[in-house]
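Here is what each chain is made of, one letter per residue.
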Amino acid sequence: MEDIRVYQKLEGGKNDDFWEDSKLIVTEIIKTKTEQADSESHFKVSKVEDLTEDILKIFLNKTYEELANLKSTIITRIKGSHDIDVDYWNTVLKLLTVKMAEKRIHSICEELIAYREKVKLTTPPSPPTAPVIEDIIPEPSTVTEDNPLKEFYDAYQEGGYSPILAPVNRPANIITPEEDSRLLILQREFIHDIREKERTVLKSKNLKTARKQMYDDHDEEFSEVYAPPDKKTSTDLKLPRFYNKIHTGYEWHKLTTNQYDAENPPPKIITGYKFNIFYPDLQEKVRRPQYSVAECKEDPESSILTISSGPPYDNISFKILNKEWNFNSREGFTCQFAKNTFQLWFYFKKTIL
C-alpha cells in the first residue's frame, strides 16, 4: 500500500484511476487476510467467507458494462426501498466495486500486452553480423597466380597483419620486493623513534609541582650552567630560570653482584637527569623549545646539552655524561612543553654484562 502511494505521488496525479483501483483491491485483500488470521472470531469469519463466495458467484462471466448496470440497480434499490437488508446489499455493493476495479486493471494490462506485441512486429530486424575471418580467407588450393586474392593471402600467411612488438623501456631503478620491505621497516622505525621522543608522560603545572614530582632520595640538585668558549654574550637576551636534578643510583649486573651486596652496595653512579626550564615571558607561545646534544671537545666523556627557545631568552647549556639515552617513556623519558615549562627527563641505558 505504501508503494502505491509513493508511485502515485511521483506521477503527480497521472494515472490516478489506475492507482486508486489498485489501492481498493489491496485494501480488500488486506482485510480478507486479517479476518482469516483472527483466531478469536473463527466462526464469524467462516460465515463471512461463505457469504462472500455466494456474492462473488453473482459476478461470474459478467462484462464490465453488465457490472456497471448491476451497480446502478443496487444503488437505486438501497435508496428507494426500506424493506430490504441494507447490510447485505452494502456488502454486495462493496464487493462489486472491487470486482469492477479488477476488470479495469485487467483491461489496462491487455492493452499494454497488445501494444508490446505491435511494437515487436513493427521493429526492423537487426543488421547482419560481420562475417567470420575464416569465411573470408580462401583455401590454399583455390589461390592461383591469376587470383587477385593471392597478394592478401600471402600477406596473411607471413603475418603481415600482425602489429610489430615494440620494445619495452623498463626503468633502471626497479626495487625488489625484499628491498621494498626493508625500506618500509626502516621508515616505520624512524617514525616510531620520533613519536617515542615526543611522547609526554608527566605534566608540570609550576615550579612547586615540579619540585614535588621530582623529589627522590636518589636525586641531587644540578645548577651548573655550561658556558661554551665561543659563545657570544648578548645584553638583549636573558637566561631562563631552571630547576634541575641529577638522578643517581646503583647499577646491578653480574660484575657488581659478585663484589657487592645489599649491606655493602657499589658506589652510586649518575643514571639520568631531570631538566625543568621556565619560560613565562616567551614571545612566540606557539614555538616550543628544542634541545640538542653535541660532543664536548675538552672532555670526551661528557656531552653538551643545549636548550634553545627564542626571545627574550638566550640558549642555555649544561654539561652531562656522554652516555646513550633511554627514550622509552615507560622508563621515565619525558620531553614536553606545558604551562610555560620545558621538561626534559631522561635516563641512561643500563649496562648489560
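The notes below deal with the structure included here. (Residues numbered from 1 in each chain as written. Predicted model: local features only at pLDDT ≥ 70, side-chain atom pairs only at ≥ 80, totals over all residues. Heavy atoms only, no water.)

**Some thoughts on the overall build of the protein**
Within the protein, the secondary structure is distributed over 10 helices and 10 strands. Taking all 353 residues of the protein together, the buried fraction comes to 24%. Here the contacts in the protein between residues at least 6 apart in sequence split such that 61% fall between residues at least 24 apart. Here the protein has roughly 26,700 Å² of accessible surface; of this, 54% comes from carbon and sulfur atoms. (Helix = DSSP H or I, 4+ residues; strand = E, 2+ residues; numbered from the N terminus. Buried < 20%, exposed > 50% of the residue type's maximum accessible area, 1.4 Å probe, protein only. Contact = heavy atoms within 4.5 Å. Areas by Shrake-Rupley, 256 points an atom, 1.4 Å probe, with all protein chains shown as cover.)

**A short note on the packing of aromatic side chains**
Within the structure shown, the criterion is met by 14 aromatic pairs. Relative to Phe 348, the ring of Tyr 273 has its centre 5.9 Å away and its plane inclined at 85 degrees; by these criteria the two rings are edge-to-face. Of this pair, Tyr 273 sits in strand 4 (residues 269-278) while Phe 348 is found in strand 10 (residues 341-348), placing the two residues 75 residues apart along the sequence. Tyr 273 gets classed as buried once you look at its relative accessible area, which sits at 3%. In textbook terms, an aromatic cluster arises when at least three aromatic residues are bridged by ring pairs, as seen for Phe 242, Tyr 273, Phe 275, Tyr 291, Phe 318, Trp 325, Phe 327, Phe 333, Phe 346 and Phe 348. Here Lys 274 stacks its cationic end above the ring of Trp 345, 5.0 Å away from the centre of that ring. (Phe/Tyr/Trp six-rings, centres within 6.5 Å; stacked < 30°, edge-to-face > 60°. Lys NZ or Arg CZ within 6 Å of the ring centre and 35° of its normal.)

**Notes on the nonpolar core**
In this structure, Tyr 273, Phe 275, Tyr 279, Trp 325, Leu 344 and Phe 346 are the most contacted members of the largest nonpolar core, which totals 20 residues. Contributing elements (two or more residues each) for this core: strand 4, strand 6 (302-308), strand 7 (316-321) and strand 10. With four residues, the top contributor of residues to this core is strand 10. Setting aside chain neighbours within four positions, we find Phe 275 in contact with Phe 222, Tyr 243, Asn 244, Leu 305, Phe 318, Ile 320, Phe 342, Gln 343, Leu 344, Trp 345 and Phe 346. Core analysis: the next-biggest nonpolar cluster, separate from the first, contains 11 residues, Leu 67, Ile 78, Val 92 and Leu 95 among them. (Core = buried A, V, L, I, M, F, W, Y, C linked by side-chain atoms within 4.5 Å.)

**A short note on the packing of helix 1 (residues 2-11) against helix 2 (residues 16-37)**
At a closest axis distance of 10 Å, the pairing of helix 1 and helix 2 adopts a crossing angle of 170 degrees. As summarised for this structure, helix 1 and helix 2 are arranged roughly antiparallel, according to the angle between their axes. Residues Ile 4, Tyr 7, Gln 8 and Glu 11 of helix 1 form the contact with helix 2, whose own contacting residues are Asp 16, Trp 19, Glu 20, Ser 22, Lys 23 and Val 26. Taken together, the residues of the contact of helix 1 with helix 2 break down into four nonpolar, two polar and four charged. (Axes fitted to C-alpha atoms, helices over the stretch in contact; angles between N-to-C directions. Parallel < 35°, antiparallel > 145°, perpendicular 65-115°, else oblique. Nonpolar A, V, L, I, M, F, W, Y, C, P; charged D, E, K, R; others polar.)

**Thoughts on the pairing of strand 4**
Of all the 10 residues making up strand 4, eight are buried; the element is thus mostly covered by neighbouring parts of the structure. Taken together, the two bridges between strand 2 (residues 241-242) and strand 4 define a ladder with antiparallel strand orientation. Paired with Arg 241 across the bridge in strand 4 is Phe 278. Relative to strand 10, strand 4 runs antiparallel, the two sharing seven bridges. Bridging across to strand 10, Phe 278 finds its partner in Thr 341. (Pairing = 2+ DSSP bridges.)

**Details of the sheet that holds strand 6**
With antiparallel pairing, three strands are arranged side by side in an open sheet as 5-6-7. Where the open sheet ends on each side, the last strands, each with one partner, are strand 5 (290-295) and strand 7. Sheet twist, expressed as the average angle between the axes of neighbouring strands with direction ignored, equals 25 degrees. By the bridge criterion, six bridges tie strand 6 to strand 7 in an arrangement that is antiparallel. Bridged to Thr 306 within strand 7 is Ser 317.

**Some details on the pattern of salt bridges**
In total, this model carries seven salt bridges according to the counting rule given. For the salt bridge of Lys 23 with Glu 20, the shortest nitrogen-to-oxygen distance reads 3.7 Å. With a gap of three residues between them, Lys 23 and Glu 20 both fall in helix 2, about one helical turn apart. With a closest N to O distance of 3.7 Å, Asp 299 and Lys 319 form a salt bridge. (Salt bridge = Lys/Arg side-chain N within 4 Å of Asp/Glu carboxyl O.)

**Side note on the pairing of strand 6**
Summarising burial for strand 6: six of the seven residues are buried, a large majority. Here strand 5 runs beside strand 6; their pairing, made up of six bridges, is antiparallel. What sits directly across from Glu 295, in strand 6, is Ser 303. Taking the residues between adjacent antiparallel strands as the criterion, strand 5 and strand 6 are bridged by six residues.

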